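Analysis of the macromolecular model
The primary structure of each chain is shown beneath.
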Amino acid sequence: MSEQKFRVESDLLGELKVPEEAYYGVQTQRGIDNYHISRKKMRDYPDYVIAIAYVKLAAVQTNHALGVIDDEIAGAMAQACRELIDGKMHDNFPIDMMQGGAGTSVNMNANEVIANRALEIMGHKKGEYQYCSPNDHCNCGQSTNDVYPTTIRYAIIRMNKTLVASLTGLISALRYKAEEFQDVLKMGRTQLQDAVPMTFGQEFNAYANNLEEEILNLDRNVKLLHEINMGGTAIGTGLNAVPGFTKLCAANLSKLTGEPFVAATDLVEATPDTGAYVSYSGALKRLAIKLSKICNDFRLMASGPRCGLHEVNLPPMAPGSSIMPGKVNPVIPEVTNQVCFKVIGNDTTVSFAAEAGQLELNVMEPVITECLIESLIWLHNALDTFTEKCVLGITVNKERCLEMVKNSIGIVTALNPYIGYKNSTKVAKEALETNRSVYDIVLEKGLMTQDKLDEALDPKNMLVSHKF
């Protein structure tokens, strides 16, 4: 095994060895040495790396157009950015997702990779920064404080598309099941008590409609991320960025990505502002809460099989116990519930991190980034798993559900318009105390004729509004 070779680079703190083959440099190496926190690396999230490559490419194009960077260097840097966008060199982003420095390690990681690849393209060796510098060229007219938040925003926008696609898949599965079960009667319940009859089709359609609202909510909130602060540099004053950089960079990023990015009107305000992250995180939390509630319903409806509701059968995915033979647990809704809990917790972290901003910068953006990316990935995976391994395989126990409808005291509600609430209450009470049917008691008391009673208590007549 050959011995690893190193090159020596230097920065403010002194010299440091960097692996000879690495495209990253000394400041990335310090980040590698300093942060062993989450063990999740930037390279593990392709959308994150691609996002910063797009941001850097837009900056290169802007500086070149404004005459700040010459043709050769700009061309080499642009090629390096496009290679990152194509998925190359992602292993050169080994920075831990959790870090101090408000994202400086991430920005410099990108600057160093782009600079060293550009040096190669121009025929120079890695580390010969006099020909293409991570700071003077790759960070020209920029700061971590505008590059990092712009990168986060575009990464979330990209990942939101994947999440919405998964959510759309679940909604389609629920609608498919709604059609399959459109004529299957069941008992509706409020406060875990018998209410009035409904169909499984109505219930599954309600779930689909409920989640469809979340696509609109995600889209509303993701639009807030299109306002960027590129050109604000350190604190939004635009120091070291040439005139025209801000609007042109936003325009270039829009053209490259197809997203409607706009330059913030007040860069000093925009630089420390994390309000868009808070709003988008809230949208993820809202989706998680709704999804978790649906999982709770499925677990409850599938409870049993002999001593619970046993209205539906969830696909058996694993033996449920190491001691109880024959037990099969609702493992897919359970794991989906737990993902939702994590997303809700991440939203709390985002809220605290956003509040912790001070003066002209919020240095807590790395934990905001980590939480949002984690929530996006976990929700996407959970939605796909829940759809494929649970919803599409659900079956219903028609006979069991019909039996519960017929024996329910809740159907007495349908008699209110005919015999009045007070008489209906008396009938319900007697039925409960004597374990007799509502039907027999109403006839015995002569409250309705049999024909009228049959019509009123036909479960299908209780599914829609009608004249009495």
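Residues numbered from 1 in each chain as written. Predicted model: local features only at pLDDT ≥ 70, side-chain atom pairs only at ≥ 80, totals over all residues. Heavy atoms only, no water.

**Description of the nonpolar core**
For soluble globular proteins, nonpolar side chains are generally found buried alongside one another. By size, the foremost hydrophobic cluster in this structure holds 114 residues, and its most contacted members are Tyr280, Phe298 and Phe386. By residue number, the principal contributor to this core is helix 5 (residues 144–180), which donates 16 residues. Every residue in contact with Phe298, bar those within four places of it in the chain, is listed here: Leu174, Phe204, Tyr207, Val312, Leu314, Phe386, Cys390, Val391 and Ile394. (Core = buried A, V, L, I, M, F, W, Y, C linked by side-chain atoms within 4.5 Å. Buried < 20%, exposed > 50% of the residue type's maximum accessible area, 1.4 Å probe, protein only. Helix = DSSP H or I, 4+ residues; strand = E, 2+ residues; numbered from the N terminus. Contact = heavy atoms within 4.5 Å.)

**Some remarks on the pairing of strand 3 (residues 185–190)**
Pairing between strand 3 and strand 4 (residues 193–199): five bridges, direction antiparallel. In the sheet register, Met187 faces strand 4, and the bridge partner there is Pro197. Between strand 3 and strand 4, which follow one another and run antiparallel, lie two residues, and Gln191 among them has a positive phi close to 55°. (Pairing = 2+ DSSP bridges.)

**Some remarks on the packing of helix 2 (residues 46–65) against helix 4 (residues 104–121)**
At their nearest, the axes of helix 2 and helix 4 sit 11 Å apart, and the two run at 70° to each other. Between helix 2 and helix 4, the crossing angle belongs to the class labelled roughly perpendicular. In this structure, helix 2 meets helix 4 at a crossing whose hand is right-handed. Contacts between helix 2 and helix 4 involve Tyr48, Ile52 and Lys56 from the first element and Val106, Asn107, Ala110, Asn111 and Ile114 from the second. Residues belonging to the contact of helix 2 with helix 4 are distributed by class as follows: five nonpolar, two polar and one charged. (Axes fitted to C-alpha atoms, helices over the stretch in contact; angles between N-to-C directions. Parallel < 35°, antiparallel > 145°, perpendicular 65-115°, else oblique. Left-handed = near helix turned anticlockwise from the far one by under 90°. Nonpolar A, V, L, I, M, F, W, Y, C, P; charged D, E, K, R; others polar.)

**Overview of the side chain of Thr62**
You can see Thr62 is positioned in helix 2. On the basis of relative accessible area, Thr62 is assigned to the buried category, the value being 0%.

**As for a negative patch on the surface**
On the surface, Asp451, Asp454, Glu455 and Asp458 cluster together to form a negatively charged patch. Among the secondary structure elements, Glu455 is positioned in helix 15 (residues 450–456). (Patch = residues over 30% accessible without salt bridge, like charges linked within 9 Å, V, L, I, M, F, W, Y side chains within 5 Å. Areas by Shrake-Rupley, 256 points an atom, 1.4 Å probe, with all protein chains shown as cover. Salt bridge = Lys/Arg side-chain N within 4 Å of Asp/Glu carboxyl O. Lys, Arg positive; Asp, Glu negative; His and termini not counted. Charge placed at Lys NZ, Arg CZ, Asp CG, Glu CD.)

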